[in-house]
Amino acid sequence: FGFPVNSNVAVFNKTKTLFENYQKLLNLRPDLGYDIDGIVYKVNRFDWQDRLGFVARSPRWSIAHKFPAEKAVTKLNAITIQVGRTGALTPVAELEPVNVGGVMVSRATLHNKDEIDRKDIRVGDTVIIQRAGDVIPQVVEVMTEKRPASSQPFIFPDTCPACGSHAMREVDEAVIRCTGGLICPAQAVERLKHFVSRNAFDIEGLGQKHIEAFFTDKIITSPVDIFRLKAERISTREGWQEKSVANLLNAIDSRRAISFDRFIYALGIRQIGQATAKLLAQNYQDLDTLNAALQAAQDAESSAYRDLLSIDQIGESVAADLIGFFAEPHNQKIINGLKNEIEIQSVEAAATDSPISGKTVVFTGTLETVSRQEAKAKAESLGAKVAGSVSSKTNYVVVGTDAGSKAKKAQELGITMLSEQEWLDLIKTL
């Protein structure tokens, strides 16, 4: 087609030659006329790519193999604490600026308290840093031989630096979180940034600095305020001219209609990423249905709670965060306010001519002709809902070899059970 193609693209049929090529390009890296941080391996058949499909943010038929990250030595001047939208307190190393792989780096993540303790990272240390995947700066190692005699271990704060609320660590988690919730301004700002981010409402022109400034001046304090923004509130501010104000308001207006899954993701609920948001949208189809179900699911003995847990990949921890979010009156106020300002597009059942469209399917046991993930993806593409457990709402249970308790429960409930071949026969014409 006339596109320039990289001369180092090649096809290999053995793992050994694949890795030999990796080493060859790693050696060539310094002499290439462009920057390269690794190799991408792809399955070299389009029909196999179609079968493998995608997960939320990446294809299953392609994977990156990164080169070792470039490193540099610098001084750690301070450790600051950032507060995220879910209240996570993240330590950040403030560094003496240093060039790492062509980029000036002055800050690096320290991840959490355990990481600081494990590496014994202290203010004043000389540290080795690298850009993980040639992107995210991180501290690799402390050069303890250069440590000042007066250095002291870093004491992680037990209160939130933004609101002063107690910070605590939950069981089985490495993260320490602010318990301030709705009163914490740092969490509020980060939630707003998430709300307008690319995979959520994707509002062009409303970047991080503008969100922070508008929040500080109480122009935008909740997501609803974004859609009620008036020209006169921002036209007198420094750097905002008539054209830029009009562009921002037009960008906001262009996002007054949003798909249901993106809306769920935009709410910034803990543990709810893009993939889980899509699952919820497919299973509940519109906001009113989801809201009513989660209100009912506050009763752990209810069918609504069991239905929520039956959704593939949703367990008790995710369910607890979902139910807790929708139970909070402040969040309900925001949701109701948004409903008055925007159009949340309901999910329509896909492939309506399919015999499994709108049906709930559970897979159990080992499938022989396809992988479990492939079978689930195929079912969803035909408009079915894939559940992780059997309930009275299940329509089909596809039984592979070594099936366990799910098959037994399906028998007890009188649910249609299909062998792998019967399942394939059902969908083979689709």
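Residues numbered from 1 in each chain as written. Predicted model: local features only at pLDDT ≥ 70, side-chain atom pairs only at ≥ 80, totals over all residues. Heavy atoms only, no water.

Asks: Outline helix α17 (residues 420-427), supporting the account with residue identities and numerical values.
Replies: Side chains that are three or four residues apart share a direction in an α-helix, a result of its 3.6 residues per turn. Regarding α17, the residues found buried are Glu420, Trp423 and Ile427. In an axial view of α17, the angular spread of the buried residues amounts to 60°, which keeps them on one side of the axis. (Buried < 20%, exposed > 50% of the residue type's maximum accessible area, 1.4 Å probe, protein only. Helix = DSSP H or I, 4+ residues; strand = E, 2+ residues; numbered from the N terminus. Arc of directions from axis to C-beta.)

Asks: I'd like to hear about the packing of helix α13 (residues 316-327) against helix α14 (residues 329-341), residue by residue, with values.
Replies: Contact geometry of α13 with α14 gives a least axis separation of 5 Å together with a crossing angle of 75°. Classified by the angle their axes make, α13 and α14 are roughly perpendicular. Within the contact between the two elements, α13 uses Phe325, Phe326 and Ala327 and α14 uses Pro329, Asn331, Gln332 and Ile335. Classifying every residue of the contact of α13 with α14 gives five nonpolar, two polar and no charged. (Axes fitted to C-alpha atoms, helices over the stretch in contact; angles between N-to-C directions. Parallel < 35°, antiparallel > 145°, perpendicular 65-115°, else oblique. Contact = heavy atoms within 4.5 Å. Nonpolar A, V, L, I, M, F, W, Y, C, P; charged D, E, K, R; others polar.)

Asks: Just give me the short version of the packing of helix α4 (residues 185-195) against helix α5 (residues 208-216), but keep the residues and values in it.
Replies: Orientation of α4 relative to α5, taken along the N-to-C sense of each, is 135°, at an axis distance of 10 Å. Taken together, the axis directions place α4 and α5 in an arrangement best described as oblique. As α4 runs across α5, the sense of the crossing is right-handed. Residues Pro185, Ala188, Val189, Leu192 and Lys193 of α4 form the contact with α5, whose own contacting residues are Gln208, Ile211, Glu212 and Phe215. For the contact of α4 with α5, the residue count by class is six nonpolar, one polar and two charged. (Left-handed = near helix turned anticlockwise from the far one by under 90°.)

Asks: Give a detailed account of the packing of aromatic side chains, specifying residues and quantitative values.
Replies: In this description, an aromatic ring pair is defined by two values, namely the gap between the centres and the angle between the planes. Considering all chains together, one arrives at nine aromatic pairs under this definition. Their ring planes at 90° and their centres at 6.0 Å tell us that phenylalanine 54 and tryptophan 61 sit as a pair that is edge-to-face. A relative accessible area of 54% places phenylalanine 54 in the exposed class. Judged by relative accessible area, tryptophan 61 falls into the buried class, the value being 15%. Relative to phenylalanine 326, the ring of phenylalanine 325 lies with its centre 5.6 Å away and its plane at 65°, an arrangement referred to as edge-to-face. Under the relative-accessibility criterion, phenylalanine 325 is labelled buried at 10%. A connected cluster of aromatic rings, assembled from ring pairs, spans Phe195, Phe201 and Phe227. (Phe/Tyr/Trp six-rings, centres within 6.5 Å; stacked < 30°, edge-to-face > 60°.)

Asks: Outline unusual backbone geometry, supporting the account with residue identities and numerical values.
Replies: The phi angle at lysine 218 is positive, at roughly 60°, despite the residue not being glycine. In this fold, lysine 218 is placed in the loop between α5 and α6 (223-226). In this structure, glutamine 285 is a non-glycine residue whose phi angle is positive, near 70°. Structurally, the position occupied by glutamine 285 is in the loop between α10 (274-284) and α11 (287-296). With relative accessibility at 26%, the residue glutamine 285 sits in the partly exposed group.

Asks: So what's going on with the nonpolar core? Residues and values would help.
Replies: Ile226, Leu280, Leu308 and Phe326 are the most contacted members of the largest nonpolar core, which totals 60 residues. Looking at which element gives the most residues to this core, the answer is α13, with six residues. If we skip the residues at most four places from it in the chain, leucine 280 touches Ile264, Ile272, Gln285, Leu290, Leu308, Ile311, Ile314 and Leu322. Counting 26 residues, the second-largest nonpolar core is a separate cluster that includes Leu89, Val98, Val105 and Ala108. (Core = buried A, V, L, I, M, F, W, Y, C linked by side-chain atoms within 4.5 Å.)

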